[in-house]
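# Analysis of the macromolecular model
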Amino acid sequence: VQLQASGGGLVQEGGSLRLSCAASGGIFSRYVVGWFRQAPGKEREFVTAIRWSGGMTYYADSVKGRFTISKSRTKNTVYLQMNSLNPEDTAVYSCAAKIWDGSRWSDSSTYGRWGQGTLVTVSS
């Protein structure tokens, strides 16, 4: 499975963006798909993840109530809807996938497939 992330850009504080993570060369059916972000000078951090089968989701506290992860079976794509953005959300966002194996969804080291990052910049 190859991942292609897109949808980043510049947005004003309080605005919204939707990121996409499209899979090619396979399907997500047995996977957990996660979004991570890395701000300048900071470590990569977990944002959210979804289990493709069943749709279970998990969010970092920092984005709960503002971000929503979802999926489209027909497009084999995972989306990240980001609302009420603030400058602290500025980062390179990357999607990643792993076969669901019971490991922590927030642990980036357990993900074997990564897409390229997409930059999100929130201006104040």
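Scoring rules and cut-offs
Residues numbered from 1 in each chain as written. Predicted model: local features only at pLDDT ≥ 70, side-chain atom pairs only at ≥ 80, totals over all residues. Heavy atoms only, no water. Helix = DSSP H or I, 4+ residues; strand = E, 2+ residues; numbered from the N terminus. Buried < 20%, exposed > 50% of the residue type's maximum accessible area, 1.4 Å probe, protein only. Polar contact = N/O pair within 3.5 Å; in protein donor to acceptor, adjacent residues only side chain to side chain. Contact = heavy atoms within 4.5 Å. Pairing = 2+ DSSP bridges. Axes fitted to C-alpha atoms, helices over the stretch in contact; angles between N-to-C directions.

## Notes on the side chain of Thr-90
Residue position: Thr-90 is located in the loop between strand E8 (77-82) and strand E9 (91-99). Among the residues examined, Thr-90 registers a relative accessible area of 18% and is labelled buried. A polar contact of 2.9 Å, which involves the side chain of Thr-90, links it to the backbone nitrogen of Val-122. Among residues more than four places away in sequence, those in contact with Thr-90 are Ala-39, Pro-40, Val-120, Thr-121 and Val-122.

## Let's talk about the sheet that holds strand E3 (residues 17-24)
The antiparallel open sheet is built from four strands, whose spatial order is E1-E3-E8-E7. One side of each edge strand has no neighbouring strand; the edge strands of this open sheet are strand E1 (2-6) and strand E7 (67-72). Direction aside, neighbouring strands of the sheet carry axes that sit 15° apart on average. Two elements, E3 and E8, share six bridges in a ladder whose sense is antiparallel. Bridging across to E8, Leu-19 finds its partner in Leu-80.

## Quick look at the pairing of strand E11 (residues 118-123)
A regular strand places its side chains so that they alternate between the two faces of the sheet. Of the two faces of E11, the one lined by Thr-118, Val-120 and Val-122 is fully buried and the one lined by Leu-119, Thr-121 and Ser-123 carries no buried residue. The pairing of strand E2 (residues 9-12) with E11 spans four bridges and is classified as parallel. By the bridge assignment, Gly-9 is partnered in E11 with Val-120. Of the strand pairs in this sheet, E9 and E11 are connected by three bridges, and their pairing is antiparallel. Across the sheet, the residue bridging to Ala-91 is Val-120, located in E11.

Functional significance is not addressed by these values, which are geometric in nature.
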